[in-house]
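# Tertiary structure, described
Read off the chains here:
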Amino acid sequence: MKSNLKLDFLDRTLRTTGVVLLIFLPVGLYYFGVYPTLAVFSGGVWGIVNFIFVSALIRTTIRPGGADKARAVALALVKFPLLYASGYFLLKVPQFEPLHLMVGFSSLFGVLVLKALGRLYLALDDKLQREEGLQKAR
């Protein structure tokens, strides 16, 4: 699993989380009401943006050529004060219950875990390693 767990896995997780949130939006509006659905959706969007900034910060600081310090500082100045302030203000919206926001915040983590378990269950990495071994043998 180590050889195939590349950055495209993270990008696919972001896209899948976005699709899950978009599918949840009409269903949630019908079954849960406007404010709970908007809280979950807002929390999910915040989680996606947070993950984008975290991955950009990690890609900027951990790379073979060394860290791009100016870009890392710029990303950190945007991510930490602005993103966490917006998360705080989401929690302060009187119509949004914290539980619904936390479901949205953690939706990306849930999708990430389910995708990893799916890869494990379907043995996708074992198949890939066998195919790579066959190609090297030729």
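Calculation criteria
Residues numbered from 1 in each chain as written. Predicted model: local features only at pLDDT ≥ 70, side-chain atom pairs only at ≥ 80, totals over all residues. Heavy atoms only, no water. Salt bridge = Lys/Arg side-chain N within 4 Å of Asp/Glu carboxyl O. Helix = DSSP H or I, 4+ residues; strand = E, 2+ residues; numbered from the N terminus. Phe/Tyr/Trp six-rings, centres within 6.5 Å; stacked < 30°, edge-to-face > 60°. Buried < 20%, exposed > 50% of the residue type's maximum accessible area, 1.4 Å probe, protein only. Axes fitted to C-alpha atoms, helices over the stretch in contact; angles between N-to-C directions. Parallel < 35°, antiparallel > 145°, perpendicular 65-115°, else oblique. Contact = heavy atoms within 4.5 Å. Nonpolar A, V, L, I, M, F, W, Y, C, P; charged D, E, K, R; others polar. Core = buried A, V, L, I, M, F, W, Y, C linked by side-chain atoms within 4.5 Å. pLDDT = per-residue confidence, 0-100.

### With respect to the pattern of salt bridges
- Tallied over the full model, the rule gives two salt bridges.
- The partner of Asp8 in a salt bridge is Arg12, with the nearest N and O atoms 3.0 Å apart. Pair noted here: Asp8 and Arg12 are both in helix α1 (residues 7–31), with a separation of four residues, about one helical turn.
- Close ionic contact of Arg59 with Asp11 constitutes a salt bridge, the shortest N to O distance being 3.6 Å. Linking Arg59 in helix α2 (residues 34–61) with Asp11 in helix α1, this pair joins segments that are 48 residues apart in sequence.

### A few points about the packing of aromatic side chains
- The final tally for this structure, using the stated rule, is six aromatic pairs.
- Seen in terms of ring centroids, Tyr88 and Phe89 are 5.5 Å apart; in terms of plane orientation they differ by 65°. Their pairing is edge-to-face.
- On the basis of relative accessible area, Tyr88 is assigned to the partly exposed category, the value being 46%.
- One aromatic cluster is present, formed by Trp46, Phe80, Tyr84 and Phe105 through successive ring pairs.

### Concerning the packing of α1 against α2
- At a closest axis distance of 9 Å, the pairing of α1 and α2 adopts a crossing angle of 170°. With respect to α2, the element α1 is oriented roughly antiparallel. Counting all contacts with α1, which are made through Leu7, Leu10, Asp11, Leu14, Thr17, Gly18, Leu21, Leu22, Phe24, Leu25, Gly28 and Leu29, the residues of α2 involved are Val34, Thr37, Val40, Phe41, Gly44, Val45, Ile48, Phe51, Ile52 and Arg59.
- Taken together, the residues that form the contact of α1 with α2 break down as 15 nonpolar, five polar and two charged.

### A look at the side chain of Thr37
- The topology assignment puts Thr37 in helix α2.
- On the basis of relative accessibility, which here comes to 0%, the residue Thr37 falls in the buried class.
- Among all residues touching Thr37, those that are not within four sequence positions of it are Phe24, Leu25, Gly28, Leu29 and Phe32.

### Regarding the nonpolar core
- Grouped together as the largest cluster of nonpolar side chains are twelve residues: Ala39, Trp46, Phe53, Ala56, Leu57, Ala72, Leu75, Leu83, Leu90, Phe96, Leu101 and Phe105.
- Counting only elements with at least two residues in this core, the list comes to α2, α3 (69–92) and α4 (98–105).
- Of all the elements, α2 adds the most residues to this core, at five residues.
- Residues contacting Phe53, with those up to four places away along its chain left out, are Leu75, Val78, Lys79 and Leu83.
- Listed in part, the five residues of the second largest apolar core include Leu14, Leu21, Phe51 and Leu108.

### Things to note about the confidence of the model for the protein chain
- In this model, the protein chain carries a mean pLDDT of 87, and residues with pLDDT of at least 70 account for 92%.
- Confidence, read as mean pLDDT per element, is least for helix α6 (residues 124–137) in the protein chain (70) and greatest for α4 (94).
- Long-range and interchain partners of residues 1–5, a stretch whose pLDDT sits below 50, account for seven contacts in this model, where long-range means more than four residues apart.

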